[in-house]
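This is what each chain is made of:
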Amino acid sequence: MTLDNILEEIKNAENILILTHESPDGDAIGSSLAMNLALKQIGKKPEVIIREFPRIFMFLPGSEEVKLEASKKNYDLIISLDCADLKRLVGREYVEISKKVINIDHHGSNVMYGDINFVNPVAPACCEILVGMLDYFDIPINVEIGSCILAGIITDTGGFKYSSVTAETFEFTAELLRKGVNVSDIYKKVLETRTKGNFELLRRSINRLELIEDGKIAFTYITKKDEEEVNAEPGDHEGIVENGRSIEGVKVSIFIRQKDEENAYKVSMRSNGNINVSDICYRFGGGGHPNAAGALIQGTIEEVKEKLIKEVKKVV
Ligand code: AMP
Ligand code: MN
Ligand code: MN
């Protein structure tokens, strides 16, 4: 059983490094922090690397332990969380020189890059996978671990509203409430708090939003110049793509954001119903989930837009 193998690797490892994907969201951060706290409960001293830690998640227990660089060159074990692809793994330079990699994830597009892969594409969040895993390992989910896990679940389910939510999601949340986790506080901090930078980017992106194909496609963008002008912080672009999807009649919402390299854009796509945007992003070297996916594309805004619209038109 894979879970037994994972536990054995953890027990045998002297040193463990926890990694997650670039532009980390609440699920990436929540699962990394929860894994760190859980391993400490069983006497391990793991390290966690997250390089662009959004300020809104800094309230989570254990976030002060996160580092930008690892203290060692190689590790007995790397645990990667919420990351479908080595290309997106921050700290992937440690992967080649470390002994084992455990890949724990919930992306259908996961390329199974671990020595052990524990991937459940039906789980609404990587954090929800950890609930069952820690239970199997007999590591109690205390208020601190529970808060990190809940932050991930709330982020990746849009606040319990996506179709990926399961009865277990609510059962687990109810249990945390009973244990004293302040669900409403975490919800407010994770989903209902905007930095000023995020608000300013949102304002610009809404002003520029175009409705294409009889209003079935929403398109908008943010440049590096925008981010500089509003003093954007890491994570300030999160959630912008959701606004396009909420417009009546929109089937696919596209948001592109200029990367540090001038001629590259990070694509975010969201869809309604059974339109699979992960398949579309896969054609551009990306991936994700059926209703939420991303990719990285080279070109100017106009070129990237044209390439994307051409593909999206085929499915709306
Ligand atoms: P985002 O639009 O960045 O919030 O990403 C939506 C979903 O797609 C998330 O589950 C990401 O992990 C995944 N995703 C985003 N960008 C990529 C990429 N370049 N390759 C693979 N998956 C991605
Ligand atoms: Mn994520
Ligand atoms: Mn996730």
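Before any of the text, the structure's been laid out above.
First, a word on scope: everything that follows refers to the structure included in this document. (Residues numbered from 1 in each chain as written. Chains lettered and ligands numbered in written order. Predicted model: local features only at pLDDT ≥ 70, side-chain atom pairs only at ≥ 80, totals over all residues. Heavy atoms only, no water.)

**Concerning the overall build of the protein**
Step number 1: Scanning the protein from N- to C-terminus turns up 12 helices and 11 strands.
Step number 2: Rg of the C-alpha trace for the protein: 19 Å, near the compact-globule value of 20 Å for 316 residues, within the 12% margin.
Step number 3: Each principal axis of the C-alpha distribution contributes one length, and for the protein these read about 55 × 45 × 35 Å.
Step number 4: Split into buried and exposed, the 316 residues of the protein put 55% on the buried side.
Step number 5: Of the contacts formed within the protein by residues at least 6 apart in sequence, a portion of 62% connects residues at least 24 apart.
Step number 6: Where the 39 positive side-chain charges of the protein centre and where its 50 negative ones centre are 3 Å apart. (Helix = DSSP H or I, 4+ residues; strand = E, 2+ residues; numbered from the N terminus. Rg over C-alpha atoms; globule rule 2.2 N^0.38 Å. Buried < 20%, exposed > 50% of the residue type's maximum accessible area, 1.4 Å probe, protein only. Contact = heavy atoms within 4.5 Å. Lys, Arg positive; Asp, Glu negative; His and termini not counted. Charge placed at Lys NZ, Arg CZ, Asp CG, Glu CD.)

**A short note on the coordination of the manganese ion (ligand 2)**
In a perfect tetrahedron of four donors around a metal, the angles come out at 109.5 degrees. In a perfect octahedron of six, they are 90 or 180 degrees.
Step number 1: Within the protein, the atoms that donate to the manganese ion (ligand 2) are H21 (NE2), D25 (OD), D25 (OD) and D82 (OD), at distances of 2.1 to 2.7 Å.
Step number 2: Read from N- to C-terminus, the donor residues coordinating the manganese ion (ligand 2) fall into the pattern H-x3-D-x56-D.
Step number 3: A distance of 3.5 Å spans the gap from the manganese ion (ligand 2) to the manganese ion (ligand 3), which D82 bridges by coordinating each metal. Residue H21 is located in the loop between strand 1 (16-20) and helix 2 (26-41), and its partner D82 is located in the loop between strand 3 (77-81) and helix 3 (93-97); the two are separated by 61 residues in the primary sequence. The two residues H21 and D82 agree in class, both being buried. (Donors = N, O, S within 2.8 Å, 3.2 Å for Na, K, Ca; no water.)

**Some thoughts on helix 5 (residues 143-156)**
Step number 1: Taking 1.5 Å of rise per residue, the 14 residues of helix 5 would be expected to cover 20 Å, and the 20 Å separating its terminal C-alpha atoms lies within 8% of that figure.
Step number 2: Inspection of helix 5 places I145, G146, S147, C148, I149, L150, A151, G152, I153, I154, T155 and D156 among the buried residues, and these make up the whole buried set.
Step number 3: Its buried side turned inward, helix 5 meets helix 2, helix 4 (126-136), helix 6 (167-179) and helix 7 (183-191).
Step number 4: Two residues or fewer after helix 5 comes G158, characterised by a positive phi angle close to 60°. (Expected span 1.5 Å × (residues − 1).)

**Topic: the sheet that holds strand 6 (residues 210-212)**
Step number 1: Taken in spatial order, the six strands line up as 6-7-8-9-11-10 in an open sheet, and their pairing is mixed. Strands at the two margins of the open sheet, each flanked by one partner only, are strand 6 and strand 10 (287-289). In this sheet, adjacent strand axes meet at a mean angle of 20° when their direction is disregarded.
Step number 2: Across three bridges, strand 10 lies against strand 11 (residues 292-298) in antiparallel orientation. Each residue of the ladder has a partner; that of H289, found in strand 11, is A292.
Step number 3: Against the sheet, helix 8 (residues 196-208) engages strand 6 and strand 7 (217-222), with an angle of about 135° to strand 7.
Step number 4: Strands strand 6, strand 7, strand 8 (252-258), strand 9 (264-271) and strand 11 of the sheet are contacted by helix 12 (residues 301-313), whose axis makes an angle of about 160° with strand 8. (Pairing = 2+ DSSP bridges. Axes fitted to C-alpha atoms, helices over the stretch in contact; angles between N-to-C directions.)

**Observations concerning the coordination of the manganese ion (ligand 3)**
Step number 1: Coordination of the manganese ion (ligand 3) by the protein is provided by D27 (OD), D82 (OD), H106 (NE2) and D156 (OD), with metal-donor distances spanning 2.1 to 2.3 Å.
Step number 2: Read in sequence order, the donor residues for the manganese ion (ligand 3) give the motif D-x54-D-x23-H-x49-D.

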